Amino acid sequence: MKGSDNIIDNSKTIEELLKLAGRKIKIVKDADETELYAVIEQTYKRNKSRFEELSGEIGLYRNDYCFYYGPASFDITSPCEDEYILDGEEKYIFIKKERVKVNDTLQYYRAVIKKSREADGNAFTG
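Here's what I pulled together on the structure shown here.

What counts as what
Residues numbered from 1 in each chain as written. Predicted model: local features only at pLDDT ≥ 70, side-chain atom pairs only at ≥ 80, totals over all residues. Heavy atoms only, no water. Patch = residues over 30% accessible without salt bridge, like charges linked within 9 Å, V, L, I, M, F, W, Y side chains within 5 Å. Areas by Shrake-Rupley, 256 points an atom, 1.4 Å probe, with all protein chains shown as cover. Salt bridge = Lys/Arg side-chain N within 4 Å of Asp/Glu carboxyl O. Lys, Arg positive; Asp, Glu negative; His and termini not counted. Charge placed at Lys NZ, Arg CZ, Asp CG, Glu CD. Helix = DSSP H or I, 4+ residues; strand = E, 2+ residues; numbered from the N terminus. Buried < 20%, exposed > 50% of the residue type's maximum accessible area, 1.4 Å probe, protein only. Phe/Tyr/Trp six-rings, centres within 6.5 Å; stacked < 30°, edge-to-face > 60°. Lys NZ or Arg CZ within 6 Å of the ring centre and 35° of its normal. Pairing = 2+ DSSP bridges. Axes fitted to C-alpha atoms, helices over the stretch in contact; angles between N-to-C directions. Contact = heavy atoms within 4.5 Å.

Let's talk about a negative patch on the surface
Phase 1: Together, Asp30, Asp32, Glu81 and Asp82 make up a negatively charged patch on the protein surface.
Phase 2: You can see Asp82 is positioned in the loop between β5 (65-71) and β6 (83-87).
Phase 3: Overall, Asp82 belongs to the partly exposed group, its relative accessible area being 42%.

And the structure:
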């Protein structure tokens, strides 16, 4: 028996770990809200040299992209125009979504998300 034949479905274990390491969020899809545990990791943690907003020629550049890691029990990959994440007061929109599989067994979902900012009328702060 090869090692790859012994792959088991770890999605339930990952879901339990998300409850420990993550926090409760809401995913809003076509006005339906679903609460679940997920991890939202800011991308600046991977770019160790940039923690602050950068000033450019046309205003401030914010590093508002994050990674989402969520349970296999909630499919985020179905297309939906009006879909977003609520994490407390923060609102995130999906940029790219994907399934993470091992030997065709779904383990969890991950995505690149971006903080959604409401326009305040100031062209420089967004």
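Looking at the packing of aromatic side chains
Phase 1: Counting across every chain of the model gives two aromatic pairs.
Phase 2: Judged by centre distance (6.0 Å) and plane angle (80 degrees), the ring pair of Tyr68 and Phe94 falls under edge-to-face. Of the two residues, Tyr68 sits in strand β5 while Phe94 sits in strand β7 (residues 90-102), which places them 26 residues apart along the sequence.
Phase 3: On the basis of an interplanar angle of 55 degrees and a centroid distance of 6.4 Å, the ring pair of Tyr69 and Tyr108 is categorised as tilted. Of the two residues, Tyr69 sits in strand β5 while Tyr108 sits in strand β8 (residues 105-115), which places them 39 residues apart along the sequence.
Phase 4: Of the residues examined, Tyr108 reaches a relative accessible area of 21% and is grouped as partly exposed.
Phase 5: Taking NZ or CZ as reference, Lys91 lies 4.3 Å from the ring centre of Tyr84, over its face.

Topic: the sheet that holds β8
Phase 1: On the basis of which strands lie adjacent, the closed barrel formed by six strands has the order β1-β2-β5-β8-β7-β6 and antiparallel pairing. Across the sheet, the mean angle from the axis of one strand to that of its neighbour is 45 degrees, orientation sign disregarded.
Phase 2: Contacts from helix α1 (residues 11-21) reach β1 (23-29), β2 (32-42), β5 and β8 within the one sheet, and its direction differs from that of β2 by about 75 degrees.

Considerations on the pairing of β2
Phase 1: With seven bridges joining them, β1 and β2 adopt antiparallel strand pairing. Residue pairing in the sheet places Val28 in a bridge with Glu33 of β2.
Phase 2: Note that β2 and β5 share four bridges and pair antiparallel. For Glu41, the partnering residue across the bridge sits in β5 and is Phe67.

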